[in-house]
Amino acid sequence: MTASVQDSRLKRRFELWDTNGDGSIDRSDYETEARRILQGFGEQENSPKGRALLSAYTGMWDTLASKAGVNSGGQVTLDQFIQITDSEIAHGGDSGFDRNLRPTIEAIVDICDTDGDGEVSPAEFKRWMRAAGVDERQAEQAFSQLDSNHNGSLSVEELVDAVRDYHQGKHDISLLGK
Ligand SMILES: [Ca+2]
Ligand SMILES: [Ca+2]
Ligand SMILES: [Ca+2]
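Here is what the cut-offs are and how they apply
Residues numbered from 1 in each chain as written. Chains lettered and ligands numbered in written order. Predicted model: local features only at pLDDT ≥ 70, side-chain atom pairs only at ≥ 80, totals over all residues. Heavy atoms only, no water. Helix = DSSP H or I, 4+ residues; strand = E, 2+ residues; numbered from the N terminus. Buried < 20%, exposed > 50% of the residue type's maximum accessible area, 1.4 Å probe, protein only. Contact = heavy atoms within 4.5 Å. Donors = N, O, S within 2.8 Å, 3.2 Å for Na, K, Ca; no water. Axes fitted to C-alpha atoms, helices over the stretch in contact; angles between N-to-C directions. Parallel < 35°, antiparallel > 145°, perpendicular 65-115°, else oblique. Left-handed = near helix turned anticlockwise from the far one by under 90°. Nonpolar A, V, L, I, M, F, W, Y, C, P; charged D, E, K, R; others polar. Core = buried A, V, L, I, M, F, W, Y, C linked by side-chain atoms within 4.5 Å. Salt bridge = Lys/Arg side-chain N within 4 Å of Asp/Glu carboxyl O. Tetrahedral: all angles 85-135°; square planar, octahedral: opposite > 155°, others 65-115°. Expected span 1.5 Å × (residues − 1).

Q: With reference to specific residues and values, describe the overall build of the chain.
A: Helix and strand counts for the chain stand at eight helices and two strands. The order of α-helices and β-strands along the chain, N terminus first, is α-β-α-α-β-α-α-α-α-α. For the chain, the spread of C-alpha atoms along the three principal axes comes to 40 × 40 × 30 Å. Looking at the chain residue by residue over its 178 residues, the buried ones come to 48%. Put simply, of all contacts in the chain between residues at least 6 apart along the chain, 59% involve residues at least 24 apart.

Q: Could you give me a rundown of the coordination of the calcium ion (ligand 1), with the residues and numbers involved?
A: Those donors, Asp18 (OD), Asn20 (OD1), Asp22 (OD), Ser24 (O) and Asp29 (OD), are the protein atoms that reach the calcium ion (ligand 1), and they lie 2.2 to 2.7 Å from it. Using a relative accessible area of 47% as the deciding quantity, one classes Asn20 as partly exposed. Overall, the relative accessible area of 1% leaves Asp29 in the buried class.

Q: Report on the packing of helix α3 (residues 48-68) against helix α5 (residues 97-112), specifying residues and quantitative values.
A: Taken N-terminus to C-terminus, the directions of α3 and α5 make an angle of 165°; their axes are 9 Å apart at the nearest point. Considered as vectors, α3 and α5 are oriented roughly antiparallel to each other. As α3 packs across α5, the resulting crossing turns out to be left-handed. On α5, the residues touching Lys49, Ala52, Leu53, Ala56, Tyr57, Gly59, Met60 and Thr63 of α3 are Asn100, Leu101, Pro103, Thr104, Ala107, Ile108, Asp110 and Ile111. Split by residue class, the contact of α3 with α5 holds 10 nonpolar, four polar and two charged.

Q: Would you mind going over the nonpolar core in detail, with residue names and values included?
A: Ranked by size, the top nonpolar core spans 51 residues in total, and within it Phe81, Phe125, Trp128 and Leu175 carry the most contacts. Mapped by element, the contributors of at least two residues to this core are α1 (3-17), α2 (27-41), α3, α4 (78-91), α5, α6 (122-132), α7 (136-146) and α8 (156-167). If you tally residues by element for this core, the top one is α3, at nine residues. Trp128 has contacts with Phe41, Ile105, Ile108, Val109, Cys112, Val120, Leu159 and Leu175, leaving out every residue within four places of it along the chain.

Q: So what's going on with the pattern of salt bridges? Residues and values would help.
A: Taken as a whole and assessed by the stated rule, the structure comprises 13 salt bridges. The closest approach of N and O atoms between Asp165 and Lys170, which form a salt bridge, is 3.7 Å. Look at the salt bridges and you will find they share partners, linking Arg13, Glu33 and Arg36 into a network.

Q: Tell me about the coordination of the calcium ion (ligand 3), and please be specific about residues and values.
A: For the calcium ion (ligand 3), every protein donor is listed as Asp147 (OD), Asn149 (OD1), Asn151 (OD1), Ser153 (O), Glu158 (OE) and Glu158 (OE), and the spread of their distances is 2.2 to 2.5 Å. Taken together, the six donor atoms surrounding the calcium ion (ligand 3) define angles of 53 to 155° at the centre, an arrangement classified as irregular. Sequence spacing among the residues donating to the calcium ion (ligand 3) works out to D-x1-N-x1-N-x1-S-x4-E. Exposure remark for Asn151: the relative accessible area of 41% places this residue in the partly exposed category. For Ser153, a relative accessible area of 9% gives the class buried.

Q: Let's hear about α8: which residues, and what values?
A: Taking 1.5 Å as the rise per residue, α8 with 12 residues should run 16 Å; its terminal C-alpha atoms sit 17 Å apart, in good agreement. Counted residue by residue, α8 has 10 buried out of 12 residues, so it is predominantly covered. Looking only at α8, the buried set comprises Val156, Glu158, Leu159, Val160, Ala162, Val163, Arg164, Asp165, Tyr166 and His167. Following α8 by one or two positions, Gly169 adopts a phi angle in the positive range, close to 80°.

Dropping the structure here:
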């Protein structure tokens, strides 16, 4: 992994989140992102699954804000975002990035897991990629790479790993939009 790929992907992530383009991110940017994903899935934001996704996103925001030393209504700059997320990725496991991300991945899996087996099949994954605006063909090709235990479906663990690996430059599938 190279730090420069990681930082350029985090910069891209930050720019995606900064939906009003004012150079900093705040709680409303995270809410907008969650709504965009819900719209992609055709899921109502006031349904139980919709509310779970919104609350997972605002939970990620609250964690970031508290690490940046601002309150929930404050703003986080690009430098702060990269510094905090780099350090979370470095810690990995249950102490950082993974723990922060897991509720969001669980909420998305809940929405796209239409057969209810708790994992994401190739067809369900395709729907996710469509909702996130990711190239479907590229996603199909990546499926087996992300399916690290080769059981034909993606678990929450595998998907959390996949998002972290993306940020570390190990593959090019941005599961949360690009
Ligand atoms: Ca902003
Ligand atoms: Ca499933
Ligand atoms: Ca699997």
